[in-house]
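An overview of the molecular structure
For reference, the chains in residue letters:
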Amino acid sequence: MTSHADPRRGEEITVGWLDRILGPGVADIDCSPIGTGQVGSNIRVMITAAPDADHLPASVIVKLPSPEPESRAAADAMNTYRREVGYYLHLHGLSAAPQPECHYASIDEDGGFVLVLSDIDDGEAGDQLAPCSAARIDAMIDTAAALHAPTWDRVDDIAHHDWLGRSDAATIALHAGVAAAVIDGFVARYENRLDSPALATARWLATHYGDLPRAHG
């Protein structure tokens, strides 16, 4: 459960709170938003440490709920916050994929959550529509395998977590409705960047999403 002392907005992040989360020695902080924040608020916190606080990182990323009601509603509908916090609380040790260190993770029943993650400051956001080199494709495949392979055939280790996605009828119907609602906007936005076969495939998937075969119910 999220403590009442935990921030819900970027401006509520304080020196005292981070001092409790990361250990004593946080002398000052400087917060700035990063990313585009579709369903959450991501804050980079630069840390000024006391002279004897060598254990503190130079910066961390604090993830919080979106301040926009529409984005919060979308996250609630897709169970986004519970899944991400649940992963860091319970499953991150099962994955061999590169991932940030989690310093703190907590969530409320009302959807308020906090994640404090290590800052991957040498990373960059990729363009999903831009061509990739063979080396980058190899790296993505290796990373996907490292993420999924350790949990292969380990249903008993993870299935008891109720926040995990399920391919039940209600969830499938929800996702099918979302796909149907956004496909026209997707095509209008990307018709100049994607070729006709790709757009046709997107429309087919949006139309037939609810009918696709699934290995697990």
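It should be noted that the structure appears before, not after, this text.
Our subject in this report is the structure included herewith. (Residues numbered from 1 in each chain as written. Predicted model: local features only at pLDDT ≥ 70, side-chain atom pairs only at ≥ 80, totals over all residues. Heavy atoms only, no water.)

Two elements in contact, helix α2 (residues 69–78) and helix α3 (residues 80–91), have axes separated by 5 Å at closest approach and are oriented at 65 degrees. Along its contact with α2, which presents R72, A75, D76 and M78, the element α3 presents T80, Y81 and R83. Classifying every residue of the contact of α2 with α3 gives three nonpolar, one polar and three charged. (Axes fitted to C-alpha atoms, helices over the stretch in contact; angles between N-to-C directions. Helix = DSSP H or I, 4+ residues; strand = E, 2+ residues; numbered from the N terminus. Contact = heavy atoms within 4.5 Å. Nonpolar A, V, L, I, M, F, W, Y, C, P; charged D, E, K, R; others polar.)

Further remarks concern the sheet that holds strand β5 (residues 113–118). With antiparallel pairing, the five strands of this open sheet are ordered in space as β1-β2-β3-β5-β4. If you trace the sheet from one side to the other, it starts and ends with β1 (26–34) and β4 (102–107), each paired once. Averaged over neighbouring strand pairs, the angle between their axes works out to 25 degrees when direction is ignored. With seven bridges joining them, strand β2 (residues 40–49) and strand β3 (residues 59–65) adopt antiparallel strand pairing. From the neighbouring strand, R44 faces β3, where its bridge partner is I61. Each of β2, β3, β4 and β5 is contacted by α3, which is oriented at about 135 degrees to β4, the strand it contacts most. (Pairing = 2+ DSSP bridges.)

Where nonpolar side chains cluster on the molecular surface, the patch consists of M78, L174, V178 and V182 and spans about 290 Å² of accessible area. For the nonpolar patch, the element with the highest residue contribution is helix α6 (residues 169–190), accounting for three residues. Tracing the backbone shows V182 in helix α6. (Patch = residues over 30% accessible without salt bridge, like charges linked within 9 Å, V, L, I, M, F, W, Y side chains within 5 Å. Areas by Shrake-Rupley, 256 points an atom, 1.4 Å probe, with all protein chains shown as cover. Salt bridge = Lys/Arg side-chain N within 4 Å of Asp/Glu carboxyl O.)

Once that is clear, we can look at the packing of α6 against helix α7 (residues 196–208). Running from N to C, α6 and α7 point in directions that differ by 170 degrees, and their axes come no closer than 9 Å. It follows from the interaxial angle that α6 and α7 lie roughly antiparallel. On the side of α6, the interface is formed by A179, I183, D184, F186, V187 and Y190, while α7 contributes L199, A202, R203 and A206. Of the residues that constitute the contact of α6 with α7, the class distribution is eight nonpolar, no polar and two charged. (Parallel < 35°, antiparallel > 145°, perpendicular 65-115°, else oblique.)

So far we have only geometry, and geometry alone does not tell us how the molecule works.
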